[in-house]
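Residue-level structural notes
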Amino acid sequence: MTTRNASFAMHRALAVPELLRMILDHAGGEQPYLPALLAFALTCHAFLEPALDIIWHFQNGLGHLVECLPEEFWEASESAQVPLIPRKPNKHTTPQDWERFDFYGQRVRELQCGPSSSLGHASRAISDDLFFWLVSSRPHCPLLPALRKLLWTENSTYGYFDSAHVFFGQQLSALNIDKCTPNSKYSSDVITPILLHLTQRSPDIRELRICIVVDSMDGTQPGPFPDKAFASLQRLESLTLISEVPLSFNSLADLATLPHLAQLHLAADSNPILSAVPNHTNTSHLTFPSLSELLLQSVSMGSSAEFLSACRFPNLKVASIRSTGASDPATVDRTLQLLCERCSRGVLEEFDVTSGQDADVEEEGAQAVTMESLRRLCDFRRLRSFSLLTEMCIVLDDDAVRELAVSWPRMEYLEFYSTAMHPWGQPTATTLQGLAHFARYCPLLGSLTIDVDTSDADVSLHERPGGGYCNRALRTIDFGQSPSLGSPAKVAAFLFAIFPDLAEVNEENDTLVGESWQPVRETYQVLRLARHWRKQAGG
């Protein structure tokens, strides 16, 4: 740093911008620590600019920027929800009045506007009148010219939700719009202009998330997204639509033309994800060439199946199909069949299927998913993660487990979880001998969830469990709804033989079923200690 004494000079290393940023990031921590950053800013001129960039990078609301204007234009309100209001909104401003505002405003890269509860204690909300005065004072001058990310949430305390477009600019790369105030209604007069402004002012947007919660108590049906709303967003990489507004087939076709779209998340609570596909339409060419991650979420898994039937995903690596309502084996089977037809077997690496989150008690365990359906996935030999969470029973015998284990040599995370009570009671339940197949054929498996029948657990002094194969990568194992039966010592010994480095055995299951595994856990720990002592003794 420089001082009045010429013998002290700033080290040349501090002239490297990247090094300065590393120092400030380390001092500020994960969340910018204002006292430390302010201290750096006041230390010397070299730290001033990068420290201010970090301090103003993210802003909760516009209040702190408004406070940079002369106090003759704003004043504090007695309202906790809207603390800043205009003082003389009709007075014309001069360029000098905006110097401090622009000095800090050009450093803002992320802006969040929404309910006070979501902004936190550091937020400074402004009134409607102050917002519109702020925008109208310099209509041809952008308020935040370097803004890259905008999080815009509807708030019942302000009325400028439809004015998000004033912050759209050439540098905007991420936009998050949440219209989720209770009792709010979807309005094409609000969403449509926002999307149209986006395509005109920020065509290079990379990430777009739109969440619309509709109050349908009045029977109003939401309309579709505007035609060609997504067609011009040629640089779009990630799209999330959480809405009761069904995606039209034309909009889906527009999305398929986006060359860089890699992530697609579509969610609907009641309506179908996709409106009806025209019968005369040839869907064989509706291909998403760059899509690597797909998440479909709806009440019915059949809605996701209809979506899959209309598309192809040659480069899909991650797929997630989730339905809150109860499903049935036929729908699951069709969904898996479509996935196999629409995705490349040599590309898909992660896949999870979830159903029945809101299923009734009588629906749990009423039907079963069998190997007949799961066998379709055996061709996906690059799978690293697979999860099946359902209200139905999952019936897998030892032969089925062996077939799956042989097919998935790269598996790292595997979950078969049924919310139905005691699916292990099926006559074709997996046994401890079946688990040994995972030890033999899945050397990378680190986490396993599966129901198991331990009633016939046995450890022979003349034959090594699992044929002597073991998996040292597995750290977590969970046995779902199945209790520990038979001798805890034999069960623990068998598990220790095939999975010698387990750190957790049903640790998160605090039910009566989970308590039945406590003796197994304790015995397993004794065996690990005994191994450790033997190694220490050189045995």
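Residues numbered from 1 in each chain as written. Predicted model: local features only at pLDDT ≥ 70, side-chain atom pairs only at ≥ 80, totals over all residues. Heavy atoms only, no water.

1. Describing the overall build of the protein chain
As a reminder, the rule being used: Helix and strand assignments come from DSSP, with helices taken as H or I runs of at least 4 residues and strands as E runs of at least 2, each series counted from the N terminus. We call a residue buried when its accessible area falls under 20% of the maximum for its residue type, exposed when it is over 50%, and partly exposed in between, using a 1.4 Å probe and counting protein chains only. Methods summary: accessible areas were calculated by the Shrake-Rupley approach with a probe of 1.4 Å, and residue burial reflects only the protein chains presented.
Check the secondary structure of the protein chain and you find 17 helices and 19 strands. Counting across all 539 residues of the protein chain, residues that qualify as buried make up 48%. Surface summary for the protein chain: the accessible area is close to 26100 Å², and the carbon and sulfur share equals 51%.

2. Here's the deal with the packing of helix α15 (residues 488–498) against helix α17 (residues 518–536)
Here is the rule we go by: Helix axes are fitted only over the stretch in contact, all axes being lines through C-alpha atoms; the angle between N-to-C directions runs from 0 to 180 degrees. An angle counts as roughly parallel when it lies under 35 degrees, as roughly antiparallel when it exceeds 145, as roughly perpendicular when it falls between 65 and 115, and as oblique in every other case. Handedness of a crossing follows from how the near helix is turned relative to the far one, being left-handed for an anticlockwise turn of less than a right angle and right-handed for a clockwise one. Contact criterion: two residues are considered in contact whenever any of their non-hydrogen atoms come within 4.5 Å of each other. Nonpolar residues are Ala, Val, Leu, Ile, Met, Phe, Trp, Tyr, Cys and Pro. Charged residues are Asp, Glu, Lys and Arg, and all others, Gly as well, are polar.
Relative to each other, α15 and α17 sit at 50°, their axes nearing to 8 Å. By the criterion of interaxial angle, the relationship of α15 to α17 is oblique. The chirality of how α15 crosses α17 is right-handed. Residues Pro488, Ala489, Val491, Ala492, Ala493, Leu495 and Phe496 of α15 lie in contact with α17, whose contacting residues are Pro519, Val520, Thr523, Tyr524, Leu527, Arg528 and Arg531. Here the residues of the contact of α15 with α17 sort into 11 nonpolar, 1 polar and 2 charged.

3. Things to note about the packing of helix α14 (residues 432–441) against α15
The geometry of α14 relative to α15 is characterised by a closest axis approach of 10 Å and an angle of 15° between their N-to-C directions. It follows that α14 is roughly parallel to α15 by the angle criterion. Of the two possible hands of crossing, α14 and α15 adopt the one that is right-handed. Of the residues in α15, those touching α14 at Leu432, Gln433, Leu435, Ala436 and Ala439 are Val491, Phe494, Leu495 and Ile498. Here the residues of the contact of α14 with α15 sort into 8 nonpolar, 1 polar and no charged.

4. A word on the environment of Glu364
Along the chain, the position of Glu364 falls in the loop between β12 (350–355) and β13 (368–369). Sequence spacing of Glu364 and Thr419 is 55 residues, and the spatial spacing of their C-alpha atoms is 6.7 Å. Those residues in contact with Glu364 that sit more than four places away from it in its chain are Glu391, Thr419 and Ala420.

5. Let's talk about the packing of aromatic side chains
Note the cut-off: Working definition: a ring pair exists when centres of Phe, Tyr or Trp rings (six-membered ring for Trp) sit within 6.5 Å. Plane angles under 30 degrees give stacked, over 60 give edge-to-face, the rest tilted.
Throughout the structure, instances matching the rule amount to 19 aromatic pairs. Where Phe103 meets Tyr104, the ring centres are 5.0 Å apart and the plane angle is 80°; that geometry is what we call edge-to-face. Taken together, a centroid distance of 6.4 Å and an interplanar angle of 15° make the contact between Phe307 and Phe313 stacked. For the pair Phe307 and Phe313, a shared accessibility class is recorded, and that class is buried. Following the ring pairs from residue to residue traces out a cluster consisting of Phe131, Phe132, Trp152, Tyr160 and Phe167.

6. Regarding the pattern of salt bridges
As a reminder of what qualifies: Take a side-chain nitrogen of Lys or Arg and a carboxyl oxygen of Asp or Glu: if they are within 4 Å of each other, that pair is a salt bridge.
One pass over the full model with this rule turns up 19 salt bridges. Arg384 is the salt-bridge partner of Glu412, the closest N and O atoms lying 3.7 Å from each other. With Glu412 in the loop between α13 (398–407) and β16 (413–418) and Arg384 in the loop between α12 (371–374) and β14 (385–390), this pair connects stretches of sequence that are 28 residues apart. What you see here is one network of salt bridges that share partners, running through Glu349, Glu350, Arg382, Arg384 and Glu412.

7. Brief notes about the pairing of β14
Filter applied, for reference: In short, DSSP must find at least two bridges between two strands for them to pair.
With 5 of its 6 residues buried, β14 lies for the most part within the structure. Sheet topology places β12 next to β14; 5 bridges connect them, and they run parallel. Of the residues in β14, the one forming a bridge with Phe351 is Phe386. Alignment of β14 against β16, held across 6 bridges, turns out to be parallel. Counterpart to Leu388 in the pairing with β16 is Phe416.

8. Structural notes on unusual backbone geometry
You will see that Asn506, though not glycine, has its phi angle at about 55°, which is positive. Within the secondary structure, Asn506 is located in the loop between β19 (504–505) and α16 (512–515). When its relative accessible area of 0% is taken as the criterion, Asn506 is described as buried.

9. What about the environment of Ile212?
By the secondary structure assignment, Ile212 is in strand β7 (residues 207–212). In sequence terms Ile212 and Lys179 are 33 residues apart; their C-alpha atoms lie 4.9 Å from each other.

10. Some remarks on the nonpolar core
Threshold: The criterion is simple. A nonpolar core is a set of buried Ala, Val, Leu, Ile, Met, Phe, Trp, Tyr and Cys residues joined through side-chain atoms within 4.5 Å.
Phe307, Phe351, Phe416, Leu435 and Phe438 are the most contacted members of the largest nonpolar core, which has 142 residues in total. If near-sequence neighbours (up to four positions away) are discounted, Phe416 is found in contact with Leu374, Phe386, Leu388, Ile394, Leu396, Leu404, Trp408, Thr449, Ile450 and Asp451.

11. Observations regarding the environment of Tyr160
By secondary structure assignment, the location of Tyr160 is in the loop between β5 (149–153) and β6 (174–179). Separated by 32 residues in sequence, Tyr160 and Asp128 have C-alpha atoms that sit 6.5 Å apart. Once residues lying within four places of it in the same chain are set aside, the contact partners of Tyr160 are Ile126, Ser127, Asp128, Phe131, Phe132 and Trp152.

12. Remarks on a negative patch on the surface
Quick reminder of the rule: Residues enter a patch when their relative accessible area is above 30% and they make no salt bridge; the linking distance is 9 Å between like charges and 5 Å between nonpolar side chains (Val, Leu, Ile, Met, Phe, Trp, Tyr). Only four residue types enter the charge count: Lys and Arg as positive, Asp and Glu as negative, with His and the chain ends excluded. Where a charge lies is defined by one atom per residue type: Lys uses NZ, Arg uses CZ, Asp uses CG and Glu uses CD.
A contiguous patch of negative charge, built from Asp360, Glu362, Glu363 and Glu364, is present on the exposed surface. Take Glu362: it is sitting in the loop between β12 and β13.

13. Considering α13
Among the residues of α13, Asp398, Ala400, Val401, Leu404, Ala405 and Ser407 are the ones counted as buried. In this fold, the buried residues of α13 make contact with α12, β16 and α14.

14. Some remarks on α14
Counting buried positions along α14 yields 8 of 10 residues, so the element is predominantly enclosed. Buried residues of α14: Leu432, Gly434, Leu435, Ala436, His437, Phe438, Ala439 and Tyr441, and no others.

15. Re the confidence of the model for the protein chain
Under the convention used in this document: Looking at any residue, its pLDDT shows the predictor's confidence there, from 0 to 100.
Chain-level pLDDT for the protein chain is 84 on average; 83% of the residues reach the 70-or-more range. The weakest mean pLDDT in the protein chain belongs to helix α6 (residues 116–119) at 43; the strongest belongs to strand β17 (residues 447–449) at 97. Segment residues 1–7 is flagged for pLDDT under 50; beyond a separation of four residues in sequence, or across chains, it makes 8 contacts in the model. Confidence drops under a pLDDT of 50 for residues 116–122, and excluding neighbours within four residues, the segment shows 10 contacts in the predicted structure.

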